Amino acid sequence: MSVLDQITNLLNKHHAQLVAVSKTYSPDRIKEIYDRGQRVFGENRVQEILEKKDLLPGDIQWHLIGHLQRNKVKYIAPFISLIHSVDSERLLREINRQAERSNRTIDILLQVFIAEEDTKHGLDEQELFALSETISQGEFQNIQCRGLMGMATYTENEDRVRAEFRKLKKIFDSLKKEYFNQSNFDTLSMGMSGDYKIALEEGSNMVRIGSLIFGKRN
Ligand SMILES: *Cc1c(COP(=O)(O)O)cnc(C)c1O
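Residues numbered from 1 in each chain as written. Predicted model: local features only at pLDDT ≥ 70, side-chain atom pairs only at ≥ 80, totals over all residues. Heavy atoms only, no water.

### Notes on the overall build of the chain
If you tally the helices and strands in the chain, you get nine helices and eight strands. For the chain, the C-alpha radius of gyration of 17 Å lies close to 17 Å, the compact-globule estimate for 218 residues. If one aligns the C-alpha atoms of the chain with their principal axes, the spans along those axes are about 45 × 40 × 30 Å. Counting over 218 residues, the chain shows a buried share of 47%. In the chain, the share of contacts with a sequence separation of at least 24, taken over all contacts with a separation of at least 6, comes to 59%. Total accessible area on the chain is roughly 11,200 Å²; 42% of this is exposed by carbon and sulfur atoms. Charge separation in the chain, taken as the distance between the mean sites of 31 positive and 32 negative side-chain charges, equals 3 Å. (Helix = DSSP H or I, 4+ residues; strand = E, 2+ residues; numbered from the N terminus. Rg over C-alpha atoms; globule rule 2.2 N^0.38 Å. Buried < 20%, exposed > 50% of the residue type's maximum accessible area, 1.4 Å probe, protein only. Contact = heavy atoms within 4.5 Å. Areas by Shrake-Rupley, 256 points an atom, 1.4 Å probe, with all protein chains shown as cover. Lys, Arg positive; Asp, Glu negative; His and termini not counted. Charge placed at Lys NZ, Arg CZ, Asp CG, Glu CD.)

In structure tokens form, the structure reads like this:
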């Protein structure tokens, strides 16, 4: 069985969705995975999505998983299917503005900082609750907050990774209860090539996997 099939089987058991992370891989390689049925692809740079998008089939759902600058939102607003990396109210405001200009509602996830490294982007718990409250008051008409995204610390220590994912799931559940009970707040994006099995065990329903599917990045 191929790696992609193995991943897909496990995801099915957990009712989880695969985002194939195609950053740095060529359109030809993406098309190979597409031809095997995959439709959701994730990139972390706006420029790279724009370059690849026009060379690939129109029914691909593109997800932005990397840090997003406000001045780049306008380029992806017309087509982006999910933005995983919302980490400020100012960014949210700009996404809402550009979504309105494109006559769309854009699905977003709030990125939560759960790892030990301080190099990773994301909201801390306090900022997350404050922003959720703002969103729940309904002023962002063209945005739908679908859930949370987080990255665990890059470490061999599985207990640590598991604890971080568990914490994110707990935050997800409490936010849903407190602020998003009546909405489609249903997506918990956590897990990558090295830790997706742990993430699934801890309640992830969307994993972002690149190198395991495409092979080692240069
Ligand atoms: C690159 C990346 C991934 C995928 O990483 P792999 O280790 O190749 O699976 C997942 N999430 C984010 C935010 C990334 O930047």
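### Considerations on helix α6 (residues 125-136)
Spanning twelve residues, α6 covers 16 Å between terminal C-alpha atoms, matching the ideal 16 Å at 1.5 Å per step. All of the buried residues in α6 are Leu128, Leu131, Ser132, Thr134 and Ile135. Taken around the axis of α6, the buried residues stretch over an arc of 160°, which confines them to a single face. Tucked inside the fold, the buried residues of α6 contact α5 (89-101), β5 (106-113), β6 (143-151) and α7 (158-178). Where α6 starts, the residue carrying a side-chain oxygen 3.1 Å from the main-chain nitrogen of Gln126 turns out to be Asp124. Positive backbone phi, approximately 85°, marks Gly138, located one or two places after α6. (Expected span 1.5 Å × (residues − 1). Arc of directions from axis to C-beta. Polar contact = N/O pair within 3.5 Å; in protein donor to acceptor, adjacent residues only side chain to side chain.)

### Some points on the environment of Ile108
Looking at the element boundaries, Ile108 is found in strand β5. Between the C-alpha atoms of Ile108 and Phe79, which are 29 residues apart in sequence, the distance is 13 Å. Residues contacting Ile108, with those up to four places away along its chain left out, are Leu82, Ile83, Val86, Leu92, Ile95, Ile143, Gln144, Cys145, Arg146 and Gly147.

### Points about the pattern of salt bridges
Applying the stated criterion across every chain, the model contains 17 salt bridges. Close ionic contact of Arg29 with Glu32 constitutes a salt bridge, the shortest N to O distance being 2.9 Å. Here Arg29 pairs with Glu32, and both are found in helix α2 (residues 27-35), just three residues apart, close to one helical turn. Look at Arg29 and you get partly exposed, because its relative accessible area is 25%. As a salt-bridge pair, Arg160 and Glu164 come within 3.3 Å of each other at their nearest N and O atoms. Here Glu164 and Arg160 lie together in helix α7, a separation of four residues that amounts to about one turn. For Glu164, a relative accessible area of 7% corresponds to the buried category. (Salt bridge = Lys/Arg side-chain N within 4 Å of Asp/Glu carboxyl O.)

### Structural notes on the packing of aromatic side chains
According to the stated counting rule, one finds six aromatic pairs in the structure shown. For the ring pair Tyr179 and Phe180, a centre distance of 6.5 Å and an interplane angle of 65° mean the geometry is edge-to-face. Both residues of the pair, Tyr179 and Phe180, count as buried. Geometrically, the ring pair formed by Phe180 and Phe185 is stacked, given 4.4 Å between the ring centres and 5° between the ring planes. The pair Phe180 / Phe185 is uniform in exposure class, with both members buried. Here a set of aromatic residues connected by ring pairs shows up, and it is made of Phe129, Phe172, Tyr179, Phe180 and Phe185. Sitting above the plane of the Phe79 ring, Lys53 keeps its charged end 4.5 Å from the centroid. (Phe/Tyr/Trp six-rings, centres within 6.5 Å; stacked < 30°, edge-to-face > 60°. Lys NZ or Arg CZ within 6 Å of the ring centre and 35° of its normal.)

### A word on the site of the ligand
Every residue close to the ligand is listed here: Val21, Lys23, Ile65, Met151, Met192, Ser193, Arg208, Ile209, Gly210, Ser211 and Arg217. Between the ligand and Arg208 there is a distance of 2.9 Å, counted from a nitrogen atom to a side-chain nitrogen or oxygen. Within the side chain of Arg217, a nitrogen or oxygen atom sits 2.6 Å from an oxygen atom of the ligand. Class assignment of the residues belonging to the shell around the ligand gives a composition of five nonpolar, three polar and three charged. (Near = heavy atom within 4 Å. Nonpolar A, V, L, I, M, F, W, Y, C, P; charged D, E, K, R; others polar.)

### Considerations on the pairing of strand β8 (residues 206-209)
Each regular strand shows side chains that alternate between the opposite faces of the sheet. Neither face of β8 is open: one carries Met206 and Arg208, the other Val207 and Ile209, and all of them are buried. Bridge analysis of strand β1 (residues 17-21) against β8 gives four bridges, and the strand direction is parallel. By the bridge assignment, Gln17 is partnered in β8 with Met206. (Pairing = 2+ DSSP bridges.)

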